[in-house]
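Spelled out, the chains give:
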Amino acid sequence: MELQSLPTVPAGNVAGMIVSLLVAFGLPIGLYLYLKHKKYARTSSFVTGMLVFILFAMVLETAVHSLVFSLAGTALTGNLFLYAVYAALMAAAFEETGRYLAMRFVLRHRFDGKNALMYGAGHGGAEAMILLGLTSINNLVNTALINSGSLPDVLSGLDEATLESVLGGVSQLWTAPAYIFFVAGFERAVAICLHIALSVLVWRAVRDRKASWYWAAFGGHFAVDFAAVIMPNYSILLTEALFALMTAAVAWYAVRAYREAAAE
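Report on the accompanying structure. In this text the structure is predicted, and so the values were computed from the model without any measurement.

The rules behind each value
Residues numbered from 1 in each chain as written. Predicted model: local features only at pLDDT ≥ 70, side-chain atom pairs only at ≥ 80, totals over all residues. Heavy atoms only, no water. Helix = DSSP H or I, 4+ residues; strand = E, 2+ residues; numbered from the N terminus. Expected span 1.5 Å × (residues − 1). Bend = angle between axes of the 7 residues up to and from the residue. Buried < 20%, exposed > 50% of the residue type's maximum accessible area, 1.4 Å probe, protein only. Contact = heavy atoms within 4.5 Å. Core = buried A, V, L, I, M, F, W, Y, C linked by side-chain atoms within 4.5 Å. Axes fitted to C-alpha atoms, helices over the stretch in contact; angles between N-to-C directions. Parallel < 35°, antiparallel > 145°, perpendicular 65-115°, else oblique. Left-handed = near helix turned anticlockwise from the far one by under 90°. Nonpolar A, V, L, I, M, F, W, Y, C, P; charged D, E, K, R; others polar.

### What to know about helix H1 (residues 11–37)
Consideration 1: A rise of 1.5 Å per residue sets the reference length of H1, with its 27 residues, at 39 Å; its end C-alpha atoms lie 37 Å apart and thus fit the reference within 8%.
Consideration 2: Remark: the principal bend of H1, roughly 30 degrees, maps to glycine 26, with a proline, proline 28, within the next four residues.
Consideration 3: Turning to H1, its buried residues are Asn13, Gly16, Met17, Ser20, Val23, Ala24, Pro28, Tyr32 and Leu35.
Consideration 4: In the core, the buried residues of H1 are packed alongside helix H2 (43–72), helix H5 (113–148), helix H8 (172–175) and helix H9 (178–208).

### Re the nonpolar core
Most often, soluble globular proteins keep nonpolar side chains buried together rather than apart.
Consideration 1: Of all hydrophobic cores here, the largest spans 44 residues; its most connected members are Met103, Phe111, Tyr119, Leu201 and Trp203.
Consideration 2: Where this core is concerned, the elements lending two or more residues are H1, H2, helix H4 (80–106), H5, H9, helix H10 (211–230) and helix H11 (236–263).
Consideration 3: Residue contributions to this core peak at 13 residues, all from H9.
Consideration 4: Filtering out sequence-adjacent residues up to four positions away, tryptophan 203 remains in contact with Met103, Phe111, Asp112, Gly113, Ala116, Tyr258 and Ala261.

### With respect to the packing of H1 against H9
Consideration 1: H9 packs onto H1 with a crossing angle of 15 degrees between their chain directions and a minimal axis gap of 6 Å. Of the possible angle classes, the one that applies to H1 and H9 is roughly parallel. Judged by the twist between their axes, the crossing of H1 over H9 is right-handed. Where H1 abuts H9, its residues Gly12, Asn13, Ala15, Gly16, Met17, Val19, Ser20, Val23, Leu27, Pro28 and Leu31 lie against Ala178, Phe181, Phe182, Ala184, Gly185, Arg188, Ala189, Ile192 and Ile196.
Consideration 2: Taken together, the residues of the contact of H1 with H9 break down into 14 nonpolar, five polar and one charged.

These results come straight from atomic positions and should not be treated as a statement about function.
Below, the structure written as structure tokens:
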């Protein structure tokens, strides 16, 4: 691929990146402001949710993955079904346990339903900001360089192997269909809804001291993540549709749990 003849990134792709960026940062912030000023939930619940995601999902879970993958090798990563089971188990175990410990020991003082919603917005918000928000910013910066014709100057000092690797990555910005970038925003919005629902279920586990609520959250998280790993090999759009339907089922159950607690 010649540096001087790079295609421009289509306007539809750019629009998808912008929408995803707005979802990644705007939705969590909007939820925070709503819950803070309309429901009088505490900021500490939102911040704790963010910190627990970073610690348990990005630090501790990642460290375990590194160890397991170094020991199991392709026996795990080379088998899609086993990998999906493993990845879903780890995600559910670390995130739901982190959620439980935070609610049980850190946020126990006056921690109620509305703060469970706030916690979930923080947990899912951190995931959206880190996984999608930062990626969207990077994509938009690269897009600006490509469409302005400045990228060749930026990459001119790279050796051939590194240059090919970089171009292979950024080429997706103009080769991928526009809907892919919009789907990323949709996926994060649904994921935030899922984390809020799971937080309600774990709150009930802490509030009622019943492990069954924790295992309900664990099972819902596992099922959604398992499908997310298995399905993309068939169809991205089908995967997102299934993801939304499964999240809707978890959310429906969480709404019932929330209303039941409020009625007591």
